[in-house]
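# Analysis of the macromolecular model
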Amino acid sequence: MLTIRCGDVMAIRNELAVYVSDQVGAVPMLKNTEFVLTPVDDDEQLDKKLAVTAILEYLESMGERRHFDVVAAGDIIFIKSLGGHVIERESRPNQGMYACPHCGFLTQYETEHNTHMKIHYL
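Everything in this summary refers to the structure shown in the same document. Remember, predicted model here, so these are calculated numbers, not experimental data.

### Brief notes about helix α3 (residues 110-118)
- Among the residues of α3, those classed as buried are H113, H116 and M117. Down the axis of α3, the buried side of the element spans an arc of 100°, and every buried residue falls inside it. Facing away from the buried side of α3, by more than 90 degrees, are the exposed residues T111, T115 and K118.
- Against β6 (98-99) and β7 (106-107) lie the buried residues of α3.

Here it is, written out as structure tokens:
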């Protein structure tokens, strides 16, 4: 299990959780100012270096890499702002994320979530 503390990048936390979990092959769980990645199989270990690389790639794709540092300490990865830089985004209505309680599938669309939930009850 890896915890990614992203208090300095809260505006992109949801998208970052989805991207990093896809790259690492883990199930994301959102919390207040962080997200947690858990392996799909309990016997697996998550690759911390791969998670750090995925975070840096995502920041680079946004043109924000030079404003942030990513540091791993134990099973916690910190995303720290350099010089107090803040990522701001235009707020979108209903910016919530919907997570499947059965498998961790994550989407921002309620209808997609509801359709996905039906597969667990076939």
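### A few points about the side chain of T107
- Tracing the backbone shows T107 in strand β7.
- Within the structure, T107 has its side chain in polar contact with the side chain of E112 (distance 2.7 Å).
- If near-sequence neighbours (up to four positions away) are discounted, T107 is found in contact with M97, Y98, E112 and H113.

### So, the packing of aromatic side chains
- Taken as a whole and judged by the stated rule, the model has 1 aromatic pair.
- Centre to centre, the rings of Y19 and Y58 are 5.4 Å apart; their planes meet at 40°, and the pair counts as tilted. Here Y19 is found in helix α1 (residues 13-24), whereas its partner Y58 is found in helix α2 (residues 48-61), with 39 residues between them in sequence.

### Considering the nonpolar core
- Residues V20, I55 and I79 are the most contacted members of the largest nonpolar core, which totals 24 residues.
- For this core, the secondary structure elements donating two or more residues are β1 (2-5), α1, β3 (34-39), α2, β4 (68-73) and β5 (76-81).
- For I79, the residues in contact, after removing those within four places along its chain, are I4, R5, C6, D8, V9, L16, I55, L59, F68, D69 and V70.

### Some thoughts on the pairing of β3
- For β3, the buried fraction is high: 5 of the 6 residues fall into the buried class.
- Direction of pairing for β1 relative to β3: antiparallel, over a ladder of 4 bridges. Residue pairing for β3: L2 is matched across the bridge by L37.
- Relative to β3, strand β2 (residues 26-30) runs antiparallel, the two being bridged by 5 bridges. Considered in β3, the bridge of V27 is made with T38.
- Between the end of β2 and the start of β3, which pair antiparallel, lie 3 residues.

### Some details on a negative patch on the surface
- Among the surface-exposed residues, D41, D42, D43 and E44 lie close enough to one another that they form a single negatively charged patch.
- Assignment of secondary structure puts D42 in the loop between β3 and α2.

### Digging into the sheet that holds β3
- On the basis of which strands lie adjacent, the open sheet formed by 5 strands has the order β2-β3-β1-β5-β4 and mixed pairing. Of all strands in the sheet, those with a lone pairing partner are β2 and β4, marking the two edges. Strand-to-strand, the axes of this sheet are offset by a mean angle of 20°, without reference to chain direction.
- Relative to β5, β4 runs antiparallel, the two sharing 6 bridges.

### Considering the environment of C103
- Along the chain, C103 falls in the loop between β6 and β7.
- Other than its neighbours up to four places away in sequence, C103 contacts V27, H116 and H120.

Thresholds, definitions, all that
- Residues numbered from 1 in each chain as written.
- Predicted model: local features only at pLDDT ≥ 70, side-chain atom pairs only at ≥ 80, totals over all residues.
- Heavy atoms only, no water.
- Buried < 20%, exposed > 50% of the residue type's maximum accessible area, 1.4 Å probe, protein only.
- Helix = DSSP H or I, 4+ residues; strand = E, 2+ residues; numbered from the N terminus.
- Arc of directions from axis to C-beta.
- Contact = heavy atoms within 4.5 Å.
- Polar contact = N/O pair within 3.5 Å; in protein donor to acceptor, adjacent residues only side chain to side chain.
- Phe/Tyr/Trp six-rings, centres within 6.5 Å; stacked < 30°, edge-to-face > 60°.
- Core = buried A, V, L, I, M, F, W, Y, C linked by side-chain atoms within 4.5 Å.
- Pairing = 2+ DSSP bridges.
- Patch = residues over 30% accessible without salt bridge, like charges linked within 9 Å, V, L, I, M, F, W, Y side chains within 5 Å.
- Areas by Shrake-Rupley, 256 points an atom, 1.4 Å probe, with all protein chains shown as cover.
- Salt bridge = Lys/Arg side-chain N within 4 Å of Asp/Glu carboxyl O.
- Lys, Arg positive; Asp, Glu negative; His and termini not counted.
- Charge placed at Lys NZ, Arg CZ, Asp CG, Glu CD.
- Axes fitted to C-alpha atoms, helices over the stretch in contact; angles between N-to-C directions.

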